[in-house]
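Chain residues, written in single-letter form:
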Amino acid sequence: MADETYAGEFYCVKCREKREAEGDVVVSNGRRMAKAVCPECGTKLNRILGKA
């Protein structure tokens, strides 16, 4: 699971739109999350992933 990445849709709260981005997968509090940066405004993006 080291150096795992996720490429897909994230929801940007600042832009209020879905954006395509690529980010790193981290495990926080037992949940897998993808963290990226919005290509339009530079805001941090988070997406909770499944357990698979």
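What you see is a predicted model; the values in this text were computed from it and never measured.

Cut-offs used in this document
- Residues numbered from 1 in each chain as written.
- Predicted model: local features only at pLDDT ≥ 70, side-chain atom pairs only at ≥ 80, totals over all residues.
- Heavy atoms only, no water.
- Salt bridge = Lys/Arg side-chain N within 4 Å of Asp/Glu carboxyl O.
- Helix = DSSP H or I, 4+ residues; strand = E, 2+ residues; numbered from the N terminus.
- Buried < 20%, exposed > 50% of the residue type's maximum accessible area, 1.4 Å probe, protein only.
- Pairing = 2+ DSSP bridges.
- Core = buried A, V, L, I, M, F, W, Y, C linked by side-chain atoms within 4.5 Å.
- Contact = heavy atoms within 4.5 Å.
- Axes fitted to C-alpha atoms, helices over the stretch in contact; angles between N-to-C directions.

Peer 1: Now, about the pattern of salt bridges: what can you tell me, with residues and values included?
Peer 2: Applying the stated criterion across every chain, the model contains three salt bridges. In this structure, the salt-bridge partner of E4 is R32, at a minimum N-O distance of 2.8 Å. Here E4, found in the segment before β1 (5–12), pairs with R32, found in strand β3 (residues 31–37); they are 28 residues apart in sequence, far enough to count as distant. Between E17 and R19 there is a salt bridge whose closest N-O contact spans 3.7 Å. Given the relative accessible area of 43%, E17 is considered partly exposed.

Peer 1: Explain the pairing of strand β4 (residues 44–48) to me, and be specific about the residues and the numbers.
Peer 2: Alignment of β3 against β4, held across five bridges, turns out to be antiparallel. In the strand pairing of β4, K35 is matched with N46. Hairpin connection of β3 to β4: six residues between the antiparallel strands, including G42 at a positive phi of 85 degrees.

Peer 1: A description of the nonpolar core should follow, citing residues and the corresponding values.
Peer 2: Core analysis: the largest hydrophobic core is formed by ten residues, namely Y6, F10, C12, A21, V25, A34, A36, C38, L45 and L49. Within the residue set of this core, elements represented by two or more residues are β1, β2 (17–28) and β3. If one sorts the elements of this core by residue count, β1 sits on top with three residues. Not counting chain neighbours up to four residues away, the residues in contact with C12 comprise E17, R19, C38, C41, T43 and L45.

Peer 1: Account for the sheet that holds β2, with residues named and values stated.
Peer 2: Spatial strand order, β1-β2-β3-β4: four strands in an open sheet with antiparallel pairing. Each edge of the sheet is formed by a strand with only one pairing partner; in this case those strands are β1 and β4. Looking at each pair of strands side by side, their axes are set apart by 45 degrees on average, direction ignored. Sheet analysis places β2 next to β3, joined by five bridges and oriented antiparallel. Within the sheet, the bridge partner assigned to V26 lies in β3 and is M33.

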